[in-house]
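# Coordinates in review
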Amino acid sequence: MELINQTLIMSFLGIIASCCIVFPILYLVQKRKQHKELLAILKEINRKNDAK
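Residues numbered from 1 in each chain as written. Predicted model: local features only at pLDDT ≥ 70, side-chain atom pairs only at ≥ 80, totals over all residues. Heavy atoms only, no water.

## Some points on the overall build of the protein
Test applied: By the criteria applied, helices consist of DSSP H or I runs no shorter than four residues and strands consist of E runs no shorter than two, each listed in order from the N terminus. For this measure, only C-alpha atoms enter the radius of gyration; the expected value for a globule follows 2.2 Å times N^0.38, where N is the number of residues. Only the protein chains shown count as cover for residues, with accessible areas throughout obtained via the Shrake-Rupley method and a probe of 1.4 Å. In this tally, Asp and Glu contribute negative charge and Lys and Arg positive charge; neither His nor the terminal groups of the chain are included. One atom stands in for each charge, and that atom is NZ of Lys, CZ of Arg, CG of Asp or CD of Glu.
Looking only at helices and strands, one finds one helix and zero strands in the protein. Relative to the 2.2 N^0.38 estimate, which gives 10 Å for 52 residues, the radius of gyration of the protein is 23 Å and therefore markedly larger than a compact globule would have. Referenced to the eigenvectors of the C-alpha coordinate spread, the extents of the protein come out at roughly 75 × 10 × 5 Å. Only carbon and sulfur atoms are counted for the fraction: they give 70% of the accessible area of the protein, which is about 5200 Å². Side chains of the protein carry 8 positive and 4 negative charges; the gap between the two charge centres is 9 Å.

## Brief notes about a nonpolar patch on the surface
This is how it is decided: Here a patch means residues that are over 30% exposed by relative accessible area and free of salt bridges, tied together within 9 Å if like-charged and within 5 Å if nonpolar (Val, Leu, Ile, Met, Phe, Trp, Tyr). For this analysis, a salt bridge means a side-chain nitrogen from Lys or Arg found within 4 Å of a carboxyl oxygen belonging to Asp or Glu.
A cluster of nonpolar side chains, contributed by I21, V22, F23, I25, L26 and V29, occupies part of the molecular surface with about 600 Å² of accessible area. If you trace the backbone, F23 turns up in helix α1 (residues 2-51).

## Considering the pattern of salt bridges
Operational definition: Burial classes: relative accessible area under 20% of the type maximum marks a residue as buried, over 50% as exposed, and values in between as partly exposed (1.4 Å probe, protein chains only).
The final tally for this structure, using the stated rule, is one salt bridge. Note that R47 is salt-bridged to E44, the shortest N-O span being 3.2 Å. Separated by three residues within a single helix, R47 and E44 lie in helix α1, roughly one turn from each other. When its relative accessible area of 36% is taken as the criterion, E44 is described as partly exposed.

Written out as structure tokens, the structure is:
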């Protein structure tokens, strides 16, 4: 029973540790993607204004 408890605790801590690594990376990737999309929109608006 002791071994099962230790295994469950270690697996739970492993899940938490992997989330602490994965989620910030996903956040940064998403933020960079949104930044690129925003720049593309602003360039398009700028082109339309220059064409007038």
